[in-house]
Amino acid sequence: MFDAMESSSLDRWFGTERLSEAAERFTTPLYVYSAARLRDNVERFRSAFPSAETDLAFSVKACSNLSILRLLAGEGLLFDIVSAGELERLRRAGVTADRIVFAGAGKRADEIRAGLAAGIREFNVESVGEAGRLNAIAGELKTRAAVALRFNPDVDARTHTYISTGRGEDKFGVTTAEIKGLTSNWEAEFANLDLHGLHVHVGSQIREVAVWPEVVAVVEGLIDVLPSALADGLKSVNFGGGFAIDYETSEIAIDLPGVAEVLGEFAARRDVRVMIEPGRALAANAGVLLTRVQYLKERGGRQVAIVDAAMTELIRPALYGAKHRIVPVGGGASGETIPTDIVGPVCESGDFLARGVPFPKLNGGQLLAVLDAGAYGFTMSSNYNTRPRPAEVLIEEGGLRLIRRRESLDDLIGPEEL
Ligand SMILES: Cc1ncc(COP(=O)(O)O)c(C=O)c1O
């Protein structure tokens, strides 16, 4: 469960003393991120994907704290957003609009207006209705919108069904037939839209390089049926995110140079730029969730540790059956292991962080780190059971920096006191 490798990797990127200090100073539950590991992840992508042909974006939904966005902006990344809220985060982080692409299957009119007013780089249009709405609003605002059509390639990413987004049955994107309809009379019907790209994102946690040639083949088939003026005008294809990490080792679990080769050949063949927009592979292993054991019980031969983090802080185990390694921080738990459930205080039997994992006998007050919680951790947190969301801390060269204060009860209840 927690061998020397895990402890040394935790120590390398976070420093176990720093984690103990963070828990003391800011109390638990607490999200802690490593600036060094975020930068190392960016470097892995940069060295696999030559920037001369590939734009690297970060998918904001994975981890949207302003300080993390500023750090990644400083590394030169573009950003993929799915709401006006994420657009506002980037504005406050000082990111210029020409670095922002806007996806999402249900953009409201006010969100489209916000994107147009900001002058974002590209709208990833996901339906026939959205193309019409975007064209009309751009007309009203006397502006033009740069558009990539998000294409549903009907390719199975061979991943968890909840995070598979490119099968024919999934709600995302437009089908080949819809694209044919949309583009048959583009200039007349969508006079305010400049079609300059395509966008595909087939899902998350993709481990097989072989998925990418399949996606490329479908994209090329689509380009071949576009009216030639539009096909010739294509400048870029955004292949989305989805690069897997291995939650057993915290490492990126897909051969990035292998994917880069497939996409690079496509870019050369079609004379277009390529964009990718990972979320998880850039942020997951750069964050841990610290939690303390509150109470211990014994249930049918299992040790049950009730900790102060719950599905409200990290919903992935409850939602997807995701498995995050959990390790003790700063000693205090060693010796023979017994099957252990690590559960939260929320009133749901589904409220667990780990089930049946081997753990030594724990003590009340033991500090634990839930690994690889940096992506889809805090951003999916909730206030269920009227639990204030935790603070977030960044470990950088200068030490620990609070990057989001813990919510107060007033933050939660105040809006109802009308
Ligand atoms: C359009 C789009 N791009 C990128 C991502 C990021 O995916 P991942 O975190 O798996 O890299 C998502 C995730 O849902 C997405 O919907």
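Provided above is the structure to which this section pertains.
Calculation rules
Residues numbered from 1 in each chain as written. Predicted model: local features only at pLDDT ≥ 70, side-chain atom pairs only at ≥ 80, totals over all residues. Heavy atoms only, no water. Helix = DSSP H or I, 4+ residues; strand = E, 2+ residues; numbered from the N terminus. Contact = heavy atoms within 4.5 Å. Core = buried A, V, L, I, M, F, W, Y, C linked by side-chain atoms within 4.5 Å. Buried < 20%, exposed > 50% of the residue type's maximum accessible area, 1.4 Å probe, protein only. Domains from an automatic or database assignment. Arc of directions from axis to C-beta. Near = heavy atom within 4 Å. Polar contact = N/O pair within 3.5 Å; in protein donor to acceptor, adjacent residues only side chain to side chain. Areas by Shrake-Rupley, 256 points an atom, 1.4 Å probe, with all protein chains shown as cover.

> I tried to follow the environment of Phe239 on my own but got confused; where do I start?
Counting through the fold element by element, Phe239 comes out in the loop between β8 (236-238) and α12 (256-270). With sequence-adjacent residues up to four places away left out, Phe239 is seen in contact with Val200, His201, Trp212, Val215, Val216, Val219, Leu263, Phe266, Val274, Met275 and Ile276.

> Help me out: how do you make sense of the nonpolar core in this one?
Generally speaking, a soluble globular protein has its nonpolar side chains buried in company with each other. Residues Phe49, Phe58, Val219, Phe239 and Phe243 are the most contacted members of the largest nonpolar core, which totals 106 residues. Residues lining this core come from more than one domain, with at least three contributed by each of domain 1 (4-32 + 284-405) and domain 2 (96-278). Non-local contacts of Phe49, meaning those with residues more than four positions away in its chain, are made with Thr54, Phe243, Leu256, Val259, Ala260, Leu263 and Ile276.

> Explanation requested: helix α2 (residues 16-26) in the structure shown.
For an α-helix, 3.6 residues make a turn, and residues three or four places apart therefore share a direction. When α2 is considered as a whole, its buried residues turn out to be Leu19, Ala22, Ala23 and Phe26. Summarising the axial view, the buried residues of α2 lie within an arc of 100°, below the 170-degree limit, and thus occupy one face. Exposed and facing more than 90 degrees away from the buried side of α2 are Glu17 and Glu24. Thr27 lies just past α2 and shows a positive phi near 60°.

> Would you mind showing me how to read the site of the ligand here?
Close to the ligand lie 14 residues; Ser204, Gly242, Glu277, Arg280 and Tyr376 are nearest. Here an oxygen atom of the ligand sits 2.9 Å away from a polar atom, N or O, in the main chain of Gly279. At 2.5 Å, a side-chain N or O of Tyr376 approaches an oxygen atom of the ligand. Notes on the ligand: free accessible area 400 Å², of which the protein chains cover 92%.

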